[in-house]
Every structure is written in C-alpha cells, then in structure tokens.
Amino acid sequence: MQNGNEPRKHTIAIQVENKFGVLSRVAGLFSARGYNIESLSVGETLDPTVSRMTIVVRGDEFIIEQVTKQLHKLIDVIKVTDLTDESHVERELILVRVNAEPTNRAEILRVADIFRAKVVDVTPASYTLEATGDEGKLEALLELLRPLGIQELVRTGKVAIARGPKTRVKKAEPKKARVSDDPRVVGFAD
Amino acid sequence: MRMSGARILLEGLKREGVDTIFGLPGGAVLPIYDVLYDFEGLRHILVRQEAAAGHAAEGYARTTGRVGVCLVTSGPAATNLVTALQDALMDSIPIVALTGQVPTHLIGNDAFQEADNVGITRPCTKHNFLVKDGKDLGPILREAFHIASTGRPGPVHVDLPKDVLVKEAELVWPDKVQMRSYNPNYDGHPGQIKRAARLMLRARKPVLYVGGGVISADASAELAELVELTQIPVTQTLMGLGAFPMEHPLSLDMLGMHGSYYANMAVHHADVLVAVGARFDDRVTGRVDAFAPNAEIVHVDIDPSSISKNIKVDVPIVGDCRRVLRALIAAVKDELREDVASLAKEARKQWAAQIADWKRAHPFHFGWSDDAIKPQYVIQEISNLTRGEAMIVTGVGQHQMWAAQYYRFKHPRRWCTSGGLGTMGYGLPTAMGVAAAWPDRLVVNIDGDGSFQMNSQELATCHDNGLAVKTIIINNGGHGMVRQWQGIIYKGRFCSIDLGPSPDFVKLAEAYGCAGIRATKPSEVVPALEEAFATPGPVVVDVCVDKWEYVFPMVPAGGANTDMILEDPGAAAKDKAAKAQTGF
C-alpha cells in the first residue's frame, strides 16, 4: 500500500459471539491475509454469550485499517476497538523460572521485590517468579533476569481495557457554583 | 411441529422460496433424499460432480438474484465443492451449500467419508455453520439465507451431521432474523454523497467505473439515470458487464488487463474516478501507483473492507449501490439547480472529444482470414445472432476475454463468468444452473477446449434434465492464455499447453446424447451457430480457430495500464513485457 507510515504495535479489543470456531475464524483471518499476531488472549465476559479477545498486531496504518475492517466483516464479531491511541490499561502476566545458584539467589529476590514479582515456586536450583505489568515493565524485568539464566518463560499475552469514562468530571460540572474564593484552589478532587 | 431434521431442512428451503436444488446424494445425506422422494415443490437436479452443483447454484443465483442452493454429501463431496465456494466468495454470489457430515458422535473420529468440512470451508465462505441439534436447524437456515443474500452477498455453508437429519426435533422458524453481530450498512453517508455529487459535476475529466456490485444490487436503472444526468462515460469491470448497455455512446466497455484502449486511457487521465460496486482488483488496476494517478477517487461499496484496500480513496461511501446511486442522483439534481455544470462545460467537451479520438484510434479489432477462423469473429457473430439478448456464460481464458470484449451486452444478470477466482471448468455447470432457472431463454456457454474438458461430464446432466445449454467451444488446441503469456512474456518457450487432437468434441457430445456440430472454416461459423441455436436441447459446437490469435490489448502483469500492448509485439516489446513481469 502506498505512503503507509511506520509499522507499530496495535492493541485491538474485539467482542465476539461465544461460539465454537470463532477463535479459529479470527486466527485464520490473520494467517490468510498474512498479518502477524504478536499475542492473543481470549476469555468470557460478564455476558456468557460474549467472549472478549485482546489481540496485539504489528502494522502500519493501512494494514491496521484492513485488520479492523476484516475482523468486523467476520459474522461472529460484534465489536472491534483499536485501543492503541485511546486511554487504556494493558497488562500481561508472566511465569519465569530462573537458575538460582547460591551466588545469585539474593539478587533474584531483590529484582523480584523491585518489580513486585512473587516467588511462586522454589527448588534448590531455581526460583519461579510471577509478575504482571505492561510490556515495558516486563521487558525490564526479563532484561535483568536474563544474565542470571532463564530456564523457561511463559506469558499470557496481553489483556487490555479502556479506562473508565471520566463521568466524575461531567457530574462535577453543575457544582461549579462551589467556586472557592481562594485563588490557589483550581478544582475539587471529588 | 416435530419432524426429522431432514424434513425440517426441506421444509425450511421451501419456506425460503427455493424451487431448485443442484445436488448429488451419498451416505451422510441419504435421510434428506429419503424425504425428498415424495416431497412436493422442490426440483432436484442430479449433477455428475459436486463442484458442478456449486457452479450451477452460482449460475442460478447470478441470473435470478435469488439464493442458489446445492446439496452434497460428506468428505470428498464437500472437498469437491470447495472450488465453487471460493469462486462464489470472490465474485460475491449468494449461494447456500449444504453438505452431509458423519454423525455427531463420530466427528473427529476419522470416520468413513469424514472431513473437517467447516474447517475446510471457513476461509472460502462468507460464513459457515455446523448444526449440532435439530432444533437449531430452522434458525440456522434462516441465518444462512439472510447472510448469503444481504450485505455483500456470498456463499454460506451448512454442515449437517447424519444423526441430526434422522432425529426428530421441533421445527423452529423465526419470523425475522436478528443478529447483533451482523448489520450491513445500506445507506451511504449523506455528507459523502454530497461531496461526491459536487466532485462529479465540477470534474473536467470524470469517469464512472462500475462493477459486479451494480448487478448484485440491481442498480442498472439508477446507473443509467445518473449517467444521463451527468453525461459521465462509463467503464465496466468483467463482473460488471451488462450493468450499462454497451451500445450507449458513453460506454467505454471493459477496463483492465484486457480492457479497451479507450477505457484504460480514460481512467488513466481522469481527474475524478467514481467506482461503484467494484473493488480495484489487480486485473483492473495494473500497477497501483500508476492507476488513475491524477484522479480524486469516489468509492461506493457495501463492503467497508473493499474501501482503501488497494487504492487510497478520497470519498468513501459505504452502502448498497442502488440506494447510494438514488441518493447521488438526488444530490446531483440539487447541485444542478445552482448551474454548476457550466463551470466545467468547455473542459467536458474536450474530454468527450479526447475519448472519441481514443475510440477511433484503437477500437477492439482483429484481422480477417478466409482460411482460419478468428476466435473474435465467432464471438462477434454470437453477439449479432443473439442481438445481445442471450444468457452468456464462459469458461476461463482467452475465450472469456474475447467474450467480454466482443459480446455487446445490453442487460444486467445475463452474464456469468468466473472473475475473481478464474475457475476453469466454470462454464458448462454454471450454464446448466442458468438454463434451469430460465428454460425459455437462450443460454450460450462460450467455452475453451481446455476449460470445457474440466467439467464436460455435465453434458450428461444437461441431456438428462433437458437443460438446453448451447456450448460454443473456441477450440484453439490448447491452453490459449498460457500460450499467449509464454509467447509474449516467456519468449516463445511453449511448455505443456497443447491439447488434442483428442477428444473429438462432436463425438463426445453425441456420446452424451447431445447434438454436435463442427466448424473449421470462417464460412461455416454462422451456419453452425444458427443450427446450434435452432436445435432443441443441449448442443456442442466445436469451432476450430486460429491458435496463434492473442488477446489484445494486454497489460503485462505488474505493468501500468498505459503500457498496453495493442498487437502482437516485436522482440523489443516482448523484452519490455518480460522485464515488467514483476507482478502476478
């Protein structure tokens, strides 16, 4: 496609009918059209007839436009949202088993503590850590663990959720009358 | 009301208005055929190979505007059907394909004639279903027909395990289909329509580029009105042929790889290009960065994913072609009140003159010979003899392109060809479906000797069911389009393309109980065609043509549309074409 801008990672949230075969429709679409999925996670929503997928895919603007349109074209897809440029929270959970020699056991625990990772299994030769966070945090953690010797790494793939609408601000508007006389007060925290 | 799954199925088909099924029985669907035995109101046409059932359903659907239905058994029957499903998907043809499946408790067990049908058809259908419970059968059928025929039409596959067909269940038949995840958008955005109307009236060099969507939406009348109103010349895609009458002075005929010189030149020089129900296929655009480089592009399509897929669009309008064209006509009339047309009047006159020049300079043309039959001549005579009124079906290859170039189409829904997938063997079975839907019309299958042989067994179906398809084989003794590419782009290194002298098509036709006629000299062409059209029942005419005739104009794949080759090129031009061969 002409004049496409730089490829980057997009986090796409889709709501689908909770039926068998839907995952394969979505995965099949990516493979058939040559798009690369970086991660995909699925789970039921509050409504048991609806599942929610979070897909991370890399591509320029035109590819992502096609990805979202093609996803939407699937009959079982209810809603597609590209969260990338919206205010959202994303997290991933990793389990990582690290070599634990007598010389570095303390170091591993220090690192785990800094990243608020939990030790979920211990053996004489290893620690298994559980950590959650966004991509940057987890990459930083792995960067520190790598020289210590990572035996195995499992990741859930990213899940993402849009931040709540700022209804508080709107609700606060009628209270404008409550203007403080103090010029240093610019607003109220409630 | 409780009844067997098989009866629910047939009852449901009848309620959906189906009158004809193309099918072939087998183990898993026997319960359906047992009910069909004394079921009133459904005609079953027994084909000889399952893909033919799919193509016949396509022919039925394309020419009637209703959903075509085919029914085959599990495993190999379903896999045979796949080609027809992909064909229907690419050309947006509404069909519902029913396949048998092993009983639910055996699914996944590698049972006899088992295949993962829904897994296999998933990427080549608009949607598919596996019915696991008889009570779901009614609602699923409703959804299947709804999905196939609405939005951008397409094939829907329903897989039917044998036990579901046997067991009794309640017939559930919802009045309305409502799906929260599927709501196509029919009305175009009014703001965009207004923008499009403004652009069209202010354009100096506008062109309308219309495709199969105009046929699917039955929007030909609206298109004609818009053209009369705006006086914008119209080019049609392969799938769009018939959307606009070719005898009209504003018709530019087909565009693209084998399109007319004047259509490709007009599109290339256009300042506003209005695409309606077309999808900027690579066979239309050639090299995309050189396609309509100076044009502002308006794109009307029911499928949002078609918009800005290959070519960046300036005015996207998602909607049904007919509704959008109606709105566009109204918007244009509004604009005309302000007399904006005069703004571009002088420029438009020049544009018309320029197009007339292009038309004069390079019309479709071919040489004449007293000895060898020129294939283009055969098509021209078919067009003359039928006055552009026949139902025309083709195979895939040179003959298909000549049919598109030399048949003078007048009406929509009288042309079936495999445009997107390019399925050889499409001709005869599709024509069969057309003949089943239109017993009183002349159905002509313009085929190639290579293409015809991929489904010639269906002559038996034609004969046994009284489907009077007139097959005209443009017999050039081989795979002509491959010969052409090897001749022009691969420097004459002809490899694995010659067919014949076997079979003798006249004897083959006769073996199937059909009439066979042969023409070997130009003087025999018209009498042979006249005889074929006058003979009742299916006929095969073997027209032995000059095998060295190539389709021109030709845009080498990956080339720009202005790089058209207009006649058999010299060595230098062949070198250039070979070098341009970067695309597909």
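Residues numbered from 1 in each chain as written. Chains lettered and ligands numbered in written order. Predicted model: local features only at pLDDT ≥ 70, side-chain atom pairs only at ≥ 80, totals over all residues.

Novice: Describe the overall build of chain A, naming the residues involved and giving the relevant values.
Specialist: When helices and strands are counted, chain A shows 5 helices and 9 strands. Along chain A, from the amino end to the carboxyl end, the secondary structure elements read β-α-β-β-α-β-β-α-β-β-α-β-β-α. A burial count over chain A gives 22% of its 190 residues as buried. A separation threshold of at least 6 residues defines the contact pool for chain A, and within that pool the share at least 24 residues apart is 75%. (Helix = DSSP H or I, 4+ residues; strand = E, 2+ residues; numbered from the N terminus. Buried ≥ 20, exposed ≤ 12 C-beta atoms within 10 Å, placed from the backbone. Contact = placed C-beta atoms within 7 Å.)

Novice: Which residues make up the confidence of the model for chain A, and what values do they have?
Specialist: All names here are of chain A. The pLDDT averaged across chain A works out to 88; a share of 85% of its residues lies at or above 70. Per-residue pLDDT stays below 50 along residues 171-180; that stretch engages in 3 contacts with residues further than four places along the chain or on separate chains. With pLDDT under 50 throughout, residues 185-190 is counted as low confidence; its partners more than four residues away or in other chains account for 3 contacts. (pLDDT = per-residue confidence, 0-100.)

Novice: Requested: an account of the domain arrangement of chain A, with residues and values cited.
Specialist: All names here are of chain A. Each assigned domain of chain A is listed with its residue range as follows: domain 1 (8-86) and domain 2 (89-162). The C-alpha centroid of domain 2 is placed 28 Å from the C-alpha centroid of domain 1. Across the contact, 9 residues belong to domain 1 and 7 residues belong to domain 2. Where the side of domain 1 that touches domain 2 is concerned, the elements lending two or more residues are strand 1 (8-17), strand 2 (37-44) and strand 3 (50-59). No other element matches the 3 residues that strand 2 contributes to the side of domain 1 that touches domain 2. When the residues that make up the side of domain 1 that touches domain 2 are grouped by side-chain class, the tally is 4 nonpolar, 4 polar and 1 charged. (Domains from an automatic or database assignment. Nonpolar A, V, L, I, M, F, W, Y, C, P; charged D, E, K, R; others polar.)

Novice: Summarise the packing of helix 11 (residues 261-269) of chain B against helix 14 (residues 345-361) of chain B; cite the residues concerned and give the values.
Specialist: Residues and elements named next belong to chain B. For the pair helix 11 and helix 14, the least separation of the axes is 8 Å and the interaxial angle reads 150°. For helix 11 against helix 14, the interelement crossing comes out right-handed. Between helix 11 and helix 14, the contacting residues are Y261, Y262, M265 and A266 on the first element and I355, W358 and K359 on the second. (Axes fitted to C-alpha atoms, helices over the stretch in contact; angles between N-to-C directions. Left-handed = near helix turned anticlockwise from the far one by under 90°.)

Novice: An account of the pairing of strand 4 (residues 68-72) of chain B is needed here, citing residue identities and associated values.
Specialist: Residues and elements named next belong to chain B. With 5 of its 5 residues buried, strand 4 lies for the most part within the structure. Because side chains alternate across strand 4, one face comprises the buried residues G68, C70 and V72, and the other comprises V69 and L71, equally buried. For strand 4 and strand 5 (residues 95-101), the ladder comprises 5 bridges, and the chain directions are parallel. Bridge assignment links G68 to a residue of strand 5, and that residue is I95. Following the chain from strand 4 across helix 4 (residues 76-90) to the adjacent parallel strand 5, one finds a crossover that is right-handed. (Pairing = 2+ DSSP bridges. Right-handed = clockwise from strand over helix to strand, strands pointing away.)

Novice: Break down unusual backbone geometry for me, with residues and values.
Specialist: Residue and element names in this part refer to chain B. That bond from G500 to P501 is cis: its omega, 10°, falls within 30 degrees of zero. Following the sequence through the fold, P501 ends up in the loop between helix 20 (480-488) and helix 21 (505-511). If you check the backbone angles, D218 has positive phi at about 50° while not being a glycine. By the secondary structure assignment, D218 is in the loop between helix 9 (212-216) and helix 10 (220-230). Residue D218 is classed as partly exposed on the basis of its C-beta count, with 15 C-beta atoms lying within 10 Å. Unlike most non-glycine residues, F280 shows phi in positive territory, near 50°.

Novice: Go over the interface of chain B and chain A, please, and point to the residues and values.
Specialist: The partner chain A presents 16 residues to the 15 residues of chain B that form the contact. Split into classes, the residues belonging to the side of chain B that touches chain A amount to 6 nonpolar, 4 polar and 5 charged.

Novice: Residue-level account of the sheet that holds strand 16 (residues 415-416) of chain B, with values.
Specialist: All names here are of chain B. Overall, parallel pairing links the 6 strands, which are arranged 16-15-17-18-20-19 in an open sheet. The strands lining the two open edges of the sheet, one partner per strand, are strand 16 and strand 19 (515-519). Across the face of the sheet, helix 17 (residues 427-437) comes into contact with strand 15 (391-394), strand 16, strand 17 (443-448) and strand 18 (469-475) while running at roughly 175° to strand 17.

Novice: Give me the domain arrangement of chain B: which residues, what numbers.
Specialist: By a widely used convention, the size of an interface equals the accessible area lost when the partners come together. Residue and element names in this part refer to chain B. Taken domain by domain, chain B holds domain 1 (2-170), domain 2 (190-361) and domain 3 (375-552). Here domain 1 and domain 3 have C-alpha centroids that lie 29 Å from each other. Contacts between the two partners involve 24 residues from domain 1 and, on the opposite side, 26 residues from domain 3. Secondary structure elements with two or more residues in the side of domain 1 that touches domain 3: strand 2 (20-24), strand 3 (43-46), helix 3 (50-64) and helix 4. It is helix 3 that provides the largest number of residues to the side of domain 1 that touches domain 3, a total of 10 residues.

Novice: Explain the confidence of the model for chain B to me, and be specific about the residues and the numbers.
Specialist: The predicted model of chain B averages 96 in pLDDT, with 99% of residues at 70 or higher. For this predicted complex, the interface confidence reaches an ipTM of 0.91, while the overall pTM sits at 0.93.

Novice: So what's going on with the environment of C544(B)? Residues and values would help.
Specialist: All names here are of chain B. Of note, C544 is situated in strand 20 (residues 539-544). As for C544 and D449, which are separated by 95 residues in sequence, their C-alpha atoms are 9.6 Å apart. C544 has contacts with I373, N475, A519 and T520, leaving out every residue within four places of it along the chain.

Novice: Kindly report on the sheet that holds strand 1 of chain A, identifying the contributing residues and their values.
Specialist: The pairing of strands in a sheet happens through backbone hydrogen bonds and is either parallel or antiparallel. Residue and element names in this part refer to chain A. Spatially, 4 strands are ordered 2-3-1-4 in an open sheet, and the strand pairing comes out antiparallel. Two strands bound the open sheet, and with one partner strand each, they are strand 2 and strand 4 (77-82). If you compare each strand with its neighbour and ignore which way they point, the axes differ by 15° on average. Note that strand 1 and strand 3 share 10 bridges and pair antiparallel. Of the residues in strand 3, the one forming a bridge with E17 is V50. Across the sheet, helix 2 (residues 61-73) is in contact with strand 1, strand 3 and strand 4; its angle to strand 4 comes to roughly 160°.

Novice: Explain the pairing of strand 18 of chain B residue by residue, including any values.
Specialist: Residues and elements named next belong to chain B. For strand 18, the buried fraction is high: 7 of the 7 residues fall into the buried class. Of the two faces of strand 18, the one carrying V469, T471, I473 and N475 and the one carrying K470, I472 and I474 are both buried. Inspection of the sheet shows strand 17 paired to strand 18 by 6 bridges, in the parallel sense. Note that in strand 18 the partner of D447 across the bridge is I473. Across 6 bridges, the pairing between strand 18 and strand 20 is parallel. Bridge pairing links I472 to V541 in strand 20.

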